[in-house]
Amino acid sequence: MGHVDLQPSSFISDFLLQTGGVAVIDGGLATELERHGADLNDPLWSAKCLLSSPHLIRTVHLDYLEAGADIIITASYQATIQGFEARGFSRGESEALLRKSVEIACEARKMYYDRCIEFACDDSEDGRILKHRPILVAASVGSYGAYLADGSEYSGIYGDEITVETLKDFHRRRVQILADAGADLIAFETVPNKLEAQAYAELLEEENIKIPAWFSFNSKDGVHVVSGDSLLECVSIAESCKKVVSVGINCTPPRFIHGLILSIKKVTTKPILIYPNSGESYDPEQKEWVQKTGVSVEDFVSYVNKWCEVGASLVGGCCRTTPNTIRAIYRTLSNNRSATASLKS
Ligand SMILES: C[S+](C)CC[C@H](N)C(=O)O
Ligand SMILES: N[C@@H](CCS)C(=O)O
Ligand SMILES: [Zn+2]
């Protein structure tokens with residue numbers, strides 16, 4: 001990926017030095033797969049495409065890189081060994097599918113670099129950003145609630161039977177496989193409650209996971225994480241874990257982000273990441289979004305500089321955001337980023 005130090009403490013700060021102070025995360029992966037015609041009404045949701053259309057996943061990763069993303073997130077959000085086994089795959093086949101999610105993203109990065117050499121230009125006439133730069137592949141780990149495939153990652157209510165140990169057992173092998181598959185970091189995404197944050201932090205330490213991680217929580221009131229647990233307590237768990245290199249918020253309406261960054265800043269010294277959704281709401285029964293309840297790309301992007309001013313260092317989009325959103329974020333940030341880079345040179 002370039003010359004980024006692999007020490008957790010400086011991993012993101014070194015990367016940010018190379019990106020001009022702020023890094024761009026990609027946008028909704030499942031959203032784009034659906035926009036290209038994939039039917040995700042399935043317990044595996046976006047992970048279904050690892051079986052049916054890996055080429056489409058690669059295309060979407062490439063589209064995000066050409067829109068200016070510095071970090072792409074793999075299609076493993078709802079890819080679990082338990083979910084694949086329920087589909088009739090063997091343990092070995094299920095593990096291979098997890099690895100495949102990382103391989104696809106790495107292939108897209110390689111193809112992108114090849115295109116940069118072929119068409120060398122920072123901003124081509126057709127709007128593609130073909131700029132050789134360090135690119136990180138983040139291996140997505142969606143929550144236990146995502147595996148339940150009923151929208152539980154938006155409630156975070158797992159019931160009394162689910163404990164830290166249950167969650168560690170659920171995620172252990174999956175995290176080990178993804179960590180050894182060639183990704184640069186693990187993206188624990190859409191973390192809905194404190195219990196799961198605790199389980200991830202313990203797994204990172206106990207399993208001696210060799211790559212760093214980020215923790216990204218979701219909120220539906222701008223104050224707590226979705227379960228109602230304290231955001232500050234959740235962020236503090238991330239703050240205490242040396243292997244966590246960034247902490248923040250994803251898949252949360254843009255209107256809450258400003259306040260959430262101000263809260264997070266009180267309890268972390270780590271770089272803050274945010275990749276909100278469009279603000280639309282999700283119907284878990286139909287597995288569909290309630291359209292037109294969110295904000296336009298223009299409104300979304302109008303917040304971006306403010307989010308950075310108050311402390312966000314990595315900015316992208318989650319569900320219902322597209323390469324257009326990411327291109328607009330890239331453009332909004334690029335003036336600031338080149339100014340920072342020239343000050344440092
Ligand atoms: C982030 S939500 C839109 C993911 C989808 C959910 N786990 C489902 O299977 O419906
Ligand atoms: N990385 C996942 C997150 C879903 S909340 C996606 O973009 O589909
Ligand atoms: Zn999302």
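Fair warning: this is a prediction, and the values are worked out from it, not measured in the lab. (Residues numbered from 1 in each chain as written. Chains lettered and ligands numbered in written order. Predicted model: local features only at pLDDT ≥ 70, side-chain atom pairs only at ≥ 80, totals over all residues. Heavy atoms only, no water.)

**Q** Hey, could you run me through the sheet that holds strand β5 (residues 213–217) in this one?
**A** Strand pairing in a sheet relies on backbone hydrogen bonds. The paired strands run either parallel or antiparallel. On the basis of which strands lie adjacent, the open sheet formed by 8 strands has the order β1-β10-β7-β6-β5-β4-β3-β2 and parallel pairing. The open sheet has two free edges, formed respectively by β1 (23–24) and β2 (71–73), since each of these has just one partner strand. Sitting on the sheet, helix α6 (residues 91–118) touches β2 and β3 (136–141), and the angle it makes with β3 is about 160°. (Pairing = 2+ DSSP bridges. Helix = DSSP H or I, 4+ residues; strand = E, 2+ residues; numbered from the N terminus. Contact = heavy atoms within 4.5 Å. Axes fitted to C-alpha atoms, helices over the stretch in contact; angles between N-to-C directions.)

**Q** Would you explain the nonpolar core in this entry?
**A** In summary, soluble globular proteins display a tendency toward joint burial of nonpolar side chains. Grouped together as the largest cluster of nonpolar side chains are 110 residues, with contacts concentrated most on Phe 188, Trp 214, Phe 215 and Phe 217. Not counting residues up to four positions away in its chain, the partners in contact with Phe 215 are Phe 188, Ala 197, Tyr 200, Ala 201, Leu 204, Ile 237, Ala 238, Val 244, Ser 246, Val 247, Gly 248 and Leu 273. Counting 7 residues, the second largest nonpolar core, distinct from the first, contains Ile 162, Val 164, Leu 167 and Ala 199. (Core = buried A, V, L, I, M, F, W, Y, C linked by side-chain atoms within 4.5 Å. Buried < 20%, exposed > 50% of the residue type's maximum accessible area, 1.4 Å probe, protein only.)

**Q** Please explain the pattern of salt bridges as it appears in this structure.
**A** A side chain with one charge may pair with a side chain of the opposite charge, provided their charged atoms come close. This structure, assessed with the given rule, holds 19 salt bridges. Among the salt bridges present, the one from Arg 128 reaches Glu 66, with a minimum N-O distance of 3.4 Å. You can see Arg 128 sitting in the loop between α6 and β3 and its partner Glu 66 sitting in helix α4 (residues 54–66), a full 62 residues away along the chain. With relative accessibility at 7%, the residue Glu 66 sits in the buried group. (Salt bridge = Lys/Arg side-chain N within 4 Å of Asp/Glu carboxyl O.)

**Q** Mind showing me how you'd approach the packing of aromatic side chains here?
**A** Two aromatic rings, taken as a pair, are described by how far apart their centres are and by the angle between their planes. Under the criterion given, the structure shown has 17 aromatic pairs. Where Tyr 112 meets Tyr 113, the ring centres are 6.3 Å apart and the plane angle is 55°; that geometry is what we call tilted. Given the relative accessible area of 16%, Tyr 113 is considered buried. Here the aromatic rings of Tyr 144 and Phe 170 are separated by 5.2 Å at their centres, their planes lie at 80°, and the arrangement is edge-to-face. Residue Tyr 144 is found in helix α7 (residues 144–148), and its partner Phe 170 is found in helix α8 (residues 164–179); the two are separated by 26 residues along the sequence. Each member of the pair Tyr 144 and Phe 170 is classed as buried. An aromatic cluster is defined as three or more aromatic residues linked by ring pairs; in this entry it consists of Tyr 144, Tyr 147, Tyr 158 and Phe 170. In this arrangement the basic side chain of Arg 128 is found over the ring face of Phe 119, its NZ or CZ atom lying 5.2 Å from the centre. (Phe/Tyr/Trp six-rings, centres within 6.5 Å; stacked < 30°, edge-to-face > 60°. Lys NZ or Arg CZ within 6 Å of the ring centre and 35° of its normal.)

**Q** Explanation requested: the UniProt feature "binding site: Zn(2+)" (unreviewed entry) in the protein in the structure shown.
**A** Taken from the UniProt record, the annotation "binding site: Zn(2+)" (unreviewed entry) applies to Cys 251, Cys 318 and Cys 319. Annotated residues spanning 69 residues; largest pairwise C-alpha distance 6.2 Å, indicating a single compact cluster. Those annotated residues that line the largest cavity are Cys 251, Cys 318 and Cys 319. Mapped onto the elements, Cys 251 comes out in the loop between β6 (244–250) and α11 (257–265). Taking relative accessible area as the criterion, Cys 251 reaches 5% and is therefore assigned buried. In contact with Cys 251, other than residues within four places in its own chain, are Tyr 154, Thr 190, Asn 218, Tyr 275, Pro 276, Asn 277, Cys 318 and Cys 319. Excluding anything up to four places from it in sequence, Cys 318 contacts Gly 27, Gly 28, Asn 250, Cys 251, Tyr 275, Pro 276 and Asn 277. (UniProt positions renumbered as here; feature names shortened; annotations may be inferred. 1 Å grid on protein atoms, 1.4 Å probe; cavity = no way out; pocket = protein on both sides within 12 Å on 5 of 7 lines; lining within 4 Å.)

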